[in-house]
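So the chains spell out like this:
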Amino acid sequence: MTHTAQDGQHYSSEEEELEVINAGTALIAREQRNLLLSQSDWIVVKSQEEGTTVPTPWVEYRNALRNLPSAEGWPLTFEYPTKPS
């Protein structure tokens, strides 16, 4: 028995359809996470150039971004960390 989604795609079950949707959602969320990481690379480069350590709030922010895929609710219900000011 197959399940036909609203978009006309055929799946073996509603569970398979949800797996496909979740995989696409995870891909989009991971791309956004990677963009946020790359937008904060400047603080690491600046610290290296100045011979200083990366400020703790930025280290915590970047670590939180890296850990998002293992966060509870990923990829459907989670929050991106707040960028330090």
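This text gives an overview of the structure that appears in the document.

Thresholds applied
- Residues numbered from 1 in each chain as written.
- Predicted model: local features only at pLDDT ≥ 70, side-chain atom pairs only at ≥ 80, totals over all residues.
- Heavy atoms only, no water.
- Helix = DSSP H or I, 4+ residues; strand = E, 2+ residues; numbered from the N terminus.
- Buried < 20%, exposed > 50% of the residue type's maximum accessible area, 1.4 Å probe, protein only.
- Contact = heavy atoms within 4.5 Å.
- Expected span 1.5 Å × (residues − 1).
- Arc of directions from axis to C-beta.
- Phe/Tyr/Trp six-rings, centres within 6.5 Å; stacked < 30°, edge-to-face > 60°.

### Some details on the overall build of the protein chain
Then, in step 1: Along the protein chain, the regular secondary structure elements total three helices and two strands.
Then, in step 2: In the protein chain, the order of α-helices and β-strands from amino to carboxyl end is β-β-α-α-α.
Then, in step 3: Here the protein chain holds 85 residues, and the buried ones make up 22% of them.
Then, in step 4: Considering only intrachain contacts with a sequence separation of at least 6, the fraction spanning at least 24 residues in the protein chain is 39%.

### Description of the environment of Ala64
Then, in step 1: With respect to the element layout, Ala64 can be found in helix α3 (residues 56–67).
Then, in step 2: For Ala64, a relative accessible area of 30% translates into the label partly exposed.
Then, in step 3: The spacing of Ala64 and Pro81 is 17 residues in sequence and 6.5 Å in space, taken between C-alpha atoms.

### Quick notes on α3
Then, in step 1: In this model α3 runs 16 Å from its N-terminal to its C-terminal C-alpha over 12 residues, within 8% of the 16 Å that 1.5 Å per residue would give.
Then, in step 2: For α3, the set of buried residues is Trp58, Tyr61, Arg62 and Leu65. Down the axis of α3, the sector holding all buried residues measures 90°, keeping them to one side.

### Some points on the packing of aromatic side chains
Aromatic ring pairs are described here by two measures, namely the spacing of the ring centres and the angle between the planes.
Then, in step 1: All chains considered together, the criterion is met by four aromatic pairs.
Then, in step 2: An angle of 75° between the planes, with centres 5.0 Å apart, marks the rings of Phe78 and Tyr80 as edge-to-face.
Then, in step 3: Clustering of aromatic rings is evident, with ring pairs tying together Trp42, Trp58 and Tyr61.

### Comments concerning the side chain of Arg62
Then, in step 1: Its location among the elements puts Arg62 in helix α3.
Then, in step 2: Not counting residues within four places of it along the chain, the set of residues in contact with Arg62 comprises Leu37, Ser40, Asp41 and Val44.

### Considering the side chain of Ser47
Then, in step 1: Assignment of secondary structure puts Ser47 in helix α2 (residues 41–50).
Then, in step 2: Residues in contact with Ser47, not counting those within four places in the same chain, are Thr52, Thr53, Val54 and Pro55.

### Overview of unusual backbone geometry
Then, in step 1: Going from Trp74 to Pro75, the amide bond is cis rather than trans, its omega being 0°.
Then, in step 2: Looking at the element boundaries, Pro75 is found in the segment after α3.

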